[in-house]
Amino acid sequence: MAKYNLKINGKVRPVEVDPATPVLWVLRDHLNLVGTKYGCGIAQCGACTVHLNGNAVRSCQLPVSAVGSQAITTIEGLSEKGDHPVQKAWLEHDVAQCGYCQAGQIMSAVSLLKSMAAANRSDPSDEDIQAFMSGNICRCGTYTRVRAAIKDAAQQ
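Quick caveat: nothing in here was measured; it's all calculated off a predicted structure.

J.: Sorry, what's going on with unusual backbone geometry here?
T.: For residues besides glycine, phi is generally negative; the peptide bonds are generally trans as well. A positive phi is found at Asn9, a non-glycine position, where the angle reads about 55 degrees. Mapped onto the secondary structure, Asn9 falls in the loop between β1 (2–8) and β2 (11–17). The class of Asn9 is partly exposed, set by a relative accessible area of 24%. Notably, Asp94 is not glycine yet its phi reads approximately 50 degrees, a positive angle. Here Asp94 shows up in the loop between α3 (85–92) and α4 (102–118).

J.: What exactly am I supposed to notice about α3 here?
T.: One turn of an α-helix holds 3.6 residues; hence residues three or four places apart share an orientation. Turning to α3, its buried residues number three or more, namely Val86, Gln87, Ala89 and Trp90. Within α3, the buried residues cover an arc of 160 degrees as seen down the axis, which keeps them to one side. Facing away from the buried surface of α3 by more than 90 degrees, the exposed residues are Leu91 and Glu92. Buried residues along α3 sit against α2 (75–78), α4 and α6 (143–154). Positive backbone phi, approximately 50 degrees, marks Asp94, located one or two places after α3.

How each quantity is defined
Residues numbered from 1 in each chain as written. Predicted model: local features only at pLDDT ≥ 70, side-chain atom pairs only at ≥ 80, totals over all residues. Heavy atoms only, no water. Helix = DSSP H or I, 4+ residues; strand = E, 2+ residues; numbered from the N terminus. Buried < 20%, exposed > 50% of the residue type's maximum accessible area, 1.4 Å probe, protein only. Arc of directions from axis to C-beta. Contact = heavy atoms within 4.5 Å.

By themselves these figures say nothing about function.
Written out as structure tokens, the structure is:
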């Protein structure tokens, strides 16, 4: 076991876990931040997506020992009131069906829009969205609504 002081959602959170423990399980089992979901366990579905220093990463395969002093943002830390432009667009477009993949989808979409803004773009094409979001699987198939929500959020 090792002790870590993780920067999560703007707060330092102490944990004592095995260094190989995936961040997903630190969040869910040790810190009760259960918005980040377990999907496949092999970083292929995107349900476990969080931000590490603002970049979308799959937390199911990221060992806690690799985090260091980098900041982690989970779906719970995206906005206090659920009013981030992407979250609002998700509701406006009724994206979620079962909802299981949505935290990961939203975190990836936010990362996409952040990367677009860094490139002085606010107009993601269908191809941009497809390429960036292709690692996020939605079993309900709401991809058309995901794309529409991302385009609307980009204009906010």
